[in-house]
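# What the coordinates show
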Amino acid sequence: MRAPIILENVTKTYGNKKALLNVSITVKEKKITGLLGPNGSGKTTMIKIILGIIRKDTGKVLLRGTDPFKDPRAREHVGYIPERPELPNSMPVREVLITAARIYGSTSPKDTVDEAISLAGLSGNEWKRFKELSAGLKQRAAIAHALISNPDILIADEPTSNLDPIERVRILDLLVDLNRKENLTLLFTGHVLAEVSRIAEDIIVLRNGKLLFQGSPRNLMDIASIVAIRANDLVRLSKLLEEQGFKTRYTPFSLTVYLSGREEIPRLMKVLGILAGRHGIDIYSIDTVEASLEEMLRRE
């Protein structure tokens, strides 16, 4: 069975800036895929190309088996949630959704909207105007709007942006529920590793328009192990480890060592033992730490 979203060697340039450079990815059917990267990494450009909003320069893009830029029908049954959702402010959200259901050709707009409101967790707030909603409820209204077309693919660009910590968790949990209950293929973007890895079954990492990684959250952590060391002479230890081929970053309180994988930990431990004995460095603690996206990208 063909994957619902495929990019092969896609490049997109704006003037002298390459927003995407020979990017190839596959989004698996009915799975949750997280697209990670710092601001300016190419995430939003990739989403726009997948939706056929902008044209790629080179490469191949298939959305449900069809080039979305050449054939808009590829976008049928694809729901989109923008980073900063905007719906008409002057109408109750429910009326906006009913209008959308009629545009999509629903034979029973009220039933379609009732289901979307329930699935999005908007019940009790659907008669409010969009401008009266909190940030979290605006996101839920946008999700309900995306569900009106009865999508089998849902694409969300930074769905937790500008939300408080509690609402961020609730929106992520909602996306998981939609994936499970509605058998949706979900592609969402983010820049916080802990959030994306919390719900994603597959992770894509971009930096400066280049694909750095695609695979499971566990594999991502395995290839980017980070160790924090406390010792009596961190500056000297940092220099000695650099001489042994390790990449380090010194702070006043600890020394961070970036490893290419967990398999490097035994070699690091051996080298630390030798350096401690040879140079009289006292090692106080050695801890593996959960990496942030910024730390992972720093080691490249």
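This section reports on the structure supplied with the text. These numbers come from a predicted model, not from an experiment.

A few words now on the overall build of the protein chain. Across its full length, the protein chain carries 10 helices and 13 strands. Dimensions of the protein chain, computed from the C-alpha atoms along their principal axes, are close to 80 × 45 × 35 Å. Counting across all 300 residues of the protein chain, residues that qualify as buried make up 50%. In the protein chain, the share of contacts with a sequence separation of at least 24, taken over all contacts with a separation of at least 6, comes to 67%. Roughly 14900 Å² of accessible area belongs to the protein chain as shown, and the carbon and sulfur atoms make up 48% of that amount. Both charge centroids of the protein chain, one from 44 positive and one from 37 negative side chains, sit 4 Å from each other.

Taken together, the three strands give an open sheet; going across it, the order is β2-β1-β4, and neighbouring strands pair in antiparallel fashion. At either margin of the open sheet sits one strand with a lone partner, and together these are β2 (17-27) and β4 (58-63). Pairs of neighbouring strands in the sheet enclose a mean axial angle of 25°, with direction left out of account. In the sheet, strand β1 (residues 5-14) pairs with β4 via five bridges, with the strands oriented antiparallel.

All right, on to the pairing of strand β6 (residues 153-156) then. The side-chain alternation of β6 yields two buried faces, one formed by I153 and I155 and the other by L154 and A156. In this sheet, β6 lies alongside strand β5 (residues 78-81) in parallel orientation, the contact comprising four bridges. Among the inter-strand pairings, Y80 is bridged to a residue of β6, identified as I155. Two strands pair when backbone bridges link them, and β6 and strand β7 (residues 185-190) are joined in this way by four bridges, in the parallel orientation. By the bridge assignment for β7, I155 is matched with L187. With respect to chirality, the unit in which β6 leads through helix α5 (residues 165-182) into the neighbouring parallel β7 is right-handed.

In this section: the side chain of E158. Take E158: it is sitting in the loop between β6 and α5. Exposure remark for E158: the relative accessible area of 7% places this residue in the buried category. A distance of 3.4 Å separates polar atoms of two side chains, one belonging to E158 and the other to H191.

Turning our attention to the sheet that holds β5. Across the sheet, six strands lie side by side as β5-β6-β7-β3-β8-β9; this open sheet has mixed pairing. One side of each edge strand has no neighbouring strand; the edge strands of this open sheet are β5 and β9 (210-215). Adjacent strand axes in the sheet meet at a mean angle of 15° when their direction is disregarded. Both strand β3 (residues 32-36) and strand β8 (residues 202-207) contribute to a ladder of four bridges, which runs parallel. Directly across from G34, in β8, lies its bridge partner I203. The sheet contacts of helix α1 (residues 43-50) involve β3, β5, β6, β7 and β8, and relative to β7 the element is tilted by about 150°.

With that settled, the discussion passes to the packing of helix α4 (residues 135-147) against α5. Contact pair α4 / α5: the axes reach a minimum separation of 10 Å and the direction vectors enclose 15°. Taken together, α4 and α5 sit at an angle that is classed as roughly parallel. As for the relative orientation of α4 and α5, their crossing is right-handed in sense. Contact with α4, carried on its side by G136, Q139, R140, I143 and L147, involves E167, R170, I171, L174, L175 and L178 of α5 and no other residues of that element. Its residues assigned to classes, the contact of α4 with α5 comprises six nonpolar, two polar and three charged.

With that settled, consider the environment of G261. Mapped onto the elements of the fold, G261 is located in the loop between β12 (255-258) and α9 (265-279). Between the C-alpha atom of G261 and that of G40, which follows or precedes it by 221 residues, the distance is 27 Å.

Where helix α2 (residues 93-103) meets helix α3 (residues 109-119), the axes come as close as 9 Å, and the angle between the chain directions of the two elements is 125°. One way to sum up the angle between α2 and α3 is to call them oblique. You can see that α2 and α3 cross each other, and the crossing is right-handed. Facing α2, whose interface residues are R94, L97, I98, A101 and R102, α3 presents P109, K110, T112, V113, D114 and I117. Each residue belonging to the contact of α2 with α3 can be placed in one class, and the counts come to six nonpolar, one polar and four charged.

By the element assignment, N125 lies in the loop between α3 and α4. Residue classification places N125 among the buried residues on the basis of a relative accessible area of 14%. Polar contacts involving the side chain of N125 include one to the side chain of K128, which spans 3.0 Å. Excluding its chain neighbours within four sequence positions, the residues that come into contact with N125 are L133 and L137.

Let us look at α9. Over its 15 residues, α9 extends 21 Å from the first C-alpha to the last, a length consistent with the 21 Å expected when each residue adds 1.5 Å. L268, V271, L272 and L275 are the residues of α9 that are buried. Seen along its axis, α9 keeps its buried residues to an arc of 105°; they face one direction. In this structure, α9 carries P266, K270 and G277 as exposed residues pointing more than 90 degrees from its buried face. Where α9 terminates, the next one or two residues include G280, which has phi positive at roughly 65°.

What counts and what doesn't
Residues numbered from 1 in each chain as written. Predicted model: local features only at pLDDT ≥ 70, side-chain atom pairs only at ≥ 80, totals over all residues. Heavy atoms only, no water. Helix = DSSP H or I, 4+ residues; strand = E, 2+ residues; numbered from the N terminus. Buried < 20%, exposed > 50% of the residue type's maximum accessible area, 1.4 Å probe, protein only. Contact = heavy atoms within 4.5 Å. Areas by Shrake-Rupley, 256 points an atom, 1.4 Å probe, with all protein chains shown as cover. Lys, Arg positive; Asp, Glu negative; His and termini not counted. Charge placed at Lys NZ, Arg CZ, Asp CG, Glu CD. Pairing = 2+ DSSP bridges. Axes fitted to C-alpha atoms, helices over the stretch in contact; angles between N-to-C directions. Right-handed = clockwise from strand over helix to strand, strands pointing away. Polar contact = N/O pair within 3.5 Å; in protein donor to acceptor, adjacent residues only side chain to side chain. Parallel < 35°, antiparallel > 145°, perpendicular 65-115°, else oblique. Left-handed = near helix turned anticlockwise from the far one by under 90°. Nonpolar A, V, L, I, M, F, W, Y, C, P; charged D, E, K, R; others polar. Expected span 1.5 Å × (residues − 1). Arc of directions from axis to C-beta.

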